[in-house]
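Each chain is listed here by its residues.
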Amino acid sequence: MTTFIAAFVVLLVVVAAMAIGVLFGRSAIKGSCGGLNQVGLSGSCGGACSAQERDECAKRKAQQQ
């Protein structure tokens, strides 16, 4: 039971820290454009990324090859 309580408290502290970070102006957590493409899986941004983000992803991918 103490393990469950300790895990719950740790989880609450982490969530509270993330919430405080967002409240103080830090940007929200977001994924990267083409994250699965970096490991060789096909996929697309589906229009969610800006043109600049797509260009940056393409440059990173070109540098890895």
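Throughout, residues of each chain are indexed from 1 in the direction in which the sequence is written. Where totals are concerned, whole chains, interfaces and linings use all residues; where local detail is concerned, this predicted model gives features only for residues with pLDDT of at least 70, and gives and counts side-chain atom pairs only at 80 or more. Remark: hydrogens and water are excluded; side-chain values derive from all non-hydrogen atoms of the structure.

### Things to note about the overall build of the protein chain
What the protein chain contains, in helices and strands, is two helices and zero strands. Relative accessibility decides the category of a residue: with a 1.4 Å probe and only protein chains considered, values under 20% of the type maximum give buried, values over 50% give exposed, and everything between is partly exposed. Out of the 65 residues belonging to the protein chain, those deemed buried represent 8%. A total of about 5700 Å² of accessible surface is found on the protein chain, and carbon and sulfur atoms cover 65% of it. Only DSSP runs of H or I with at least four residues qualify as helices, and only runs of E with at least two residues qualify as strands; both kinds are numbered from the N terminus onward. Here the accessible surface of atoms and residues is derived via Shrake-Rupley with a 1.4 Å probe, and residues count as covered only by protein chains that are part of the display.

### Description of a nonpolar patch on the surface
Patches draw on residues past 30% relative accessible area with no salt bridge. Two like charges within 9 Å are joined, as are two nonpolar side chains (Val, Leu, Ile, Met, Phe, Trp, Tyr) within 5 Å. The working definition used for a salt bridge is a side-chain nitrogen of Lys or Arg within 4 Å of a carboxyl oxygen of Asp or Glu. A cluster of nonpolar side chains, namely Met1, Phe4, Ile5, Phe8, Val9, Leu12 and Val13, defines an oily patch on the protein surface of about 750 Å² accessible area. Mapping Val9 onto the fold places it in helix H1 (residues 2–23). You can call Val9 partly exposed: its relative accessible area is 44%.

### Some thoughts on the packing of aromatic side chains
Two rings from Phe, Tyr or Trp (for Trp, the six-membered ring) form a pair when their centres are within 6.5 Å of each other. A pair whose planes differ by under 30 degrees is stacked, one over 60 is edge-to-face, and the rest are tilted. What the rule picks out here adds up to one aromatic pair. Plain terms: the ring middles of Phe4 and Phe8 are 6.4 Å apart, the flat faces sit at 20° to each other, and that makes the pair stacked. In this pair, Phe4 and Phe8 both sit in helix H1, four residues apart, roughly one turn of the helix.

### A short note on H1
Expected helix span is computed as 1.5 Å times (number of residues minus one). In this model, H1 (22 residues) spans 31 Å end to end at C-alpha, consistent with the 32 Å of a helix rising 1.5 Å per residue. In the segment just after H1, Gly25 is the residue with positive phi, at about 100°.

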